[in-house]
Amino acid sequence: MAGFKLRRSLLYVPGNMPSMLQNIPIFNCDSVIIDLEDAVPLSEKDAARHLVKRFLMNYTDRNKELLVRINPLDTKWGYEDLRVVLPAMPDGIRLPKADTPEIVERLDTLLTEFEEELEVEIGRFGILPSLESALGVINAVGIANSSERIFALAFGAEDYTASMEIERSRGGEELFNARTRVLWAAKAKGIQAVDTIFADVSDMEGLRAETELAKRLGYTGKCLVNPRQIEVVHDVFAPKAHEVEYALQVIEAIQRARQLGTGVIALGGKMVDAPVVKRAARVLRTAYAHGMVDTLIDEEAIHGAQ
Ligand SMILES: CC(=O)SCCNC(=O)CCNC(=O)[C@H](O)C(C)(C)COP(=O)(O)OP(=O)(O)OC[C@H]1O[C@@H](n2cnc3c(N)ncnc32)[C@H](O)[C@@H]1OP(=O)(O)O
Ligand SMILES: O=C([O-])CC(=O)C(=O)O
Ligand SMILES: [Mg+2]
């Protein structure tokens, strides 16, 4: 599938910590979010953006997606973050507290202006908006449609629970509606959905349970605060061997059905029809991205088969 990119793990790295930044090339995550917002104290906001710029300039052998979380555009740091960091060519900007479509449109316009000034392709810088308040969650659909640069929507549960004046629990029951609404907006737009961080870096079972829930709901990746969390998240998002095996059988079955002139067939006592084939195709697309199958199936031909 054109443009399909694995974004299972998006690791935050504080932008004011040279010792952490220098390890970015060796982390095994799909994306890094270098943070200029909440991980950076007010006294270091100015120094951090220059540190991040220097780091990005020197990081020529780029082996993962590099995003920078700027401060919100309605703070005195947001615009300056963009001005300093964009010439160092991050892949995209994580926009925190993206509460309205208008604030994303403003970022889109600024990015276009910087791209013209830097003489790079218009649309080069992507946007990952963070929906992390009641207002942001309510506006999820408008936000998803506010810029063609948006490649995914992210849910931010720490600020969301603060905005709701509630505590965040280990099981996350209080997040369910917001998590789902962000997901619907992303799926309706056909973009990825990235789940929130799990703050207890010593609780790997809790991280696994939360990641499994997010995957079951439809999220395709998770933000992380510690490199030790990467492995668990990759393990959860990897398709399981039996799922890949079944998906291959489904594709074979539907091809047989076509030869018989029908769009529905039984496989192991269960009906295989168009939606089953779509789900199998998704499993195989993900398996291909994980290197678990050698060839990418021709989804158009397969779907045309029904
Ligand atoms: C709600 C939000 O906005 S979340 C986004 C903003 N927050 C962040 O960016 C926080 C990033 N994470 C961290 O700062 C830390 O992982 C903490 C505070 C959560 C936990 O800290 P610790 O318990 O000290 O971590 P831990 O003992 O696992 O650290 C081990 C090593 O990994 C490094 N490390 C830990 N987290 C990170 C990270 N996110 N990026 C890069 N390196 C890291 C540490 O520097 C340490 O390196 P060292 O062995 O060379 O000294
Ligand atoms: O989950 C995240 O990406 C971190 C965050 O900003 C939040 O939860 O408020
Ligand atoms: Mg936040």
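Placed above this text is the structure.
Residues numbered from 1 in each chain as written. Chains lettered and ligands numbered in written order. Predicted model: local features only at pLDDT ≥ 70, side-chain atom pairs only at ≥ 80, totals over all residues. Heavy atoms only, no water.

S.K.: Residue-level account of the overall build of the protein chain, with values.
M.R.: A tally of regular secondary structure across the protein chain gives 13 helices and 10 strands. Expected size for 306 residues packed as a compact globule is a radius of gyration near 19 Å; at 21 Å, the protein chain falls within 12% of this value. Based on the C-alpha atoms only, the size of the protein chain along its principal axes is roughly 70 × 45 × 35 Å. Going through the 306 residues of the protein chain one by one, you find that 51% of them count as buried. (Helix = DSSP H or I, 4+ residues; strand = E, 2+ residues; numbered from the N terminus. Rg over C-alpha atoms; globule rule 2.2 N^0.38 Å. Buried < 20%, exposed > 50% of the residue type's maximum accessible area, 1.4 Å probe, protein only.)

S.K.: Tell me about the site of ligand 1, residues and numbers included.
M.R.: If you check the shell around ligand 1, you find 13 residues, and the closest are Tyr12, Arg69, Val225, Asn226 and Arg228. Here an oxygen atom of ligand 1 and a side-chain polar atom of Arg69 are 2.9 Å apart. Within the side chain of Arg228, one N or O atom sits 2.7 Å away from an oxygen atom of ligand 1. Across the complex, the protein chains shield 55% of the 960 Å² of accessible surface that ligand 1 would expose by itself. (Near = heavy atom within 4 Å. Polar contact = N/O pair within 3.5 Å; in protein donor to acceptor, adjacent residues only side chain to side chain. Areas by Shrake-Rupley, 256 points an atom, 1.4 Å probe, with all protein chains shown as cover.)

S.K.: Account for the coordination of the magnesium ion (ligand 3), naming residues and giving values.
M.R.: Binding of the magnesium ion (ligand 3) to the protein goes through Glu132 (OE) and Asp159 (OD), at separations of 2.0 to 2.1 Å. Placement of the pair is Glu132 in the loop between β5 (126–131) and α5 (134–138) and Asp159 in helix α7 (residues 157–164), with a sequence separation of 27 residues. The partly exposed category is assigned to Asp159, whose relative accessible area is 22%. (Donors = N, O, S within 2.8 Å, 3.2 Å for Na, K, Ca; no water.)

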